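Residue-level structure breakdown
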Amino acid sequence: MPASTFAFCPRDGSKLTLTRIDGRDRPTCPTCGFADFMHVQIGSNTIVERDGAVLLVRLNYGPRDGHWALPGGLVENDETTEEAATRETKEETGFDVALDGLLVTWMRPGFPILVVIYRAHITGGDLRVAPDEASEAKFFPKAELPPLEEIAWPSAAYGLDAWRAYEPPRP
Ligand SMILES: [Zn+2]
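All chains use their own residue numbering, which begins from 1 and follows the written sequence. In keeping with the predicted nature of the model, local features appear solely for residues at pLDDT of at least 70, side-chain atom pairs appear and are counted solely at 80 or more, and the whole-chain, interface and lining totals rest on all residues. Note: side-chain values were computed over all heavy atoms of the structure, leaving out hydrogens and water.

1. Some thoughts on the side chain of asparagine 45
For the record, the criterion: Put simply, DSSP H or I for four residues or longer makes a helix, DSSP E for two residues or longer makes a strand, and each gets a number counted from the N terminus. By the convention used here, residues are in contact when the closest approach between their heavy atoms is within 4.5 Å.
Within the secondary structure, asparagine 45 sits in strand E3 (residues 41–50). Excluding residues within four positions of it along the chain, asparagine 45 makes contact with Leu70, Pro71, Gly72, Ala85, Val115, Val116, Ile117 and Tyr118.

2. What about the side chain of glutamate 92?
As a reminder of what qualifies: Here the term buried applies to any residue with accessible area under 20% of the maximum for its type, exposed to any over 50%, and partly exposed to those in between, with areas from a 1.4 Å probe on protein chains only. Residues scored as charged are limited to Lys and Arg (positive) and Asp and Glu (negative), so that His and the chain ends carry no count. The working definition used for a salt bridge is a side-chain nitrogen of Lys or Arg within 4 Å of a carboxyl oxygen of Asp or Glu. Polar contact criterion, stated in full: a pair of N or O atoms within 3.5 Å, where within protein one must be able to donate a hydrogen and the other to accept it, and residues adjacent in sequence count only if both atoms are side-chain atoms.
Inspection of the secondary structure puts glutamate 92 in helix H1 (residues 81–93). No salt bridge forms around the buried glutamate 92; measuring N to O, its nearest opposite-charge neighbour arginine 87 is 7.8 Å away. At a separation of 3.2 Å, a polar atom in the side chain of glutamate 92 contacts the main-chain amide nitrogen of glycine 72. In this structure glutamate 92 touches Val57, Leu70, Pro71, Gly72, Arg128, Val129, Ala130 and Glu133, once residues within four positions along its chain are discounted.

3. Focus: the packing of aromatic side chains
Our working definition: Two rings from Phe, Tyr or Trp (for Trp, the six-membered ring) form a pair when their centres sit within 6.5 Å of each other. Planes less than 30 degrees apart are called stacked, planes more than 60 degrees apart edge-to-face, and all others tilted. Should the NZ of a Lys or the CZ of an Arg lie within 6 Å of a ring centre and within 35 degrees of the ring normal, that charge is described as sitting over the ring.
Using the criterion set out here, one finds four aromatic pairs in the structure. Summarising the aromatic geometry, the rings of phenylalanine 95 and phenylalanine 139 are spaced 6.1 Å apart at their centres and angled 55 degrees between planes, so their arrangement reads as tilted. One end of the pair, phenylalanine 95, is in strand E7 (residues 95–106); the other, phenylalanine 139, is in strand E9 (residues 134–141), and 44 residues separate them in sequence. On the basis of an interplanar angle of 70 degrees and a centroid distance of 5.7 Å, the ring pair of tryptophan 106 and phenylalanine 111 is categorised as edge-to-face. On the basis of relative accessibility, which here comes to 5%, the residue tryptophan 106 falls in the buried class. In this structure, arginine 26 packs its charged tip against the face of phenylalanine 37, placed 4.1 Å from the ring centre.

In structure tokens:
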């Protein structure tokens, strides 16, 4: 059994037994029916565009200290991905934003996270970074983005590529 699976039910503590579901043997709870499929966290990010430039925040903690990231963070279990995107953007940059639609999602086998990235524009607020999360935040024109090795996460690089390639729908 892979290390990432449960041995006991996370709801009621029953010992899980293998049950064939959707073509795979999965740890399953005989008490409540919980079945152990893949567990992922959901990250929600924004591409905040202003005058053709995109807002990035420079992380000041952790293994990606000094690298540039999209505003955003993990989705809590009492909010939607859209709410998480706007909440995290406000916390990290001081800007109120309105979302303009889903730009792209990022997921890779072996990484237990799904990242959703929305296009957004500023509706209020002033640039003010959260000092415990970022050292600075600034707008980068498409032709002057930081080099790939200074981008914090592969999902952010993927989102920036999608942003550069994005063309609005035509009537
Ligand atoms: Zn159970």
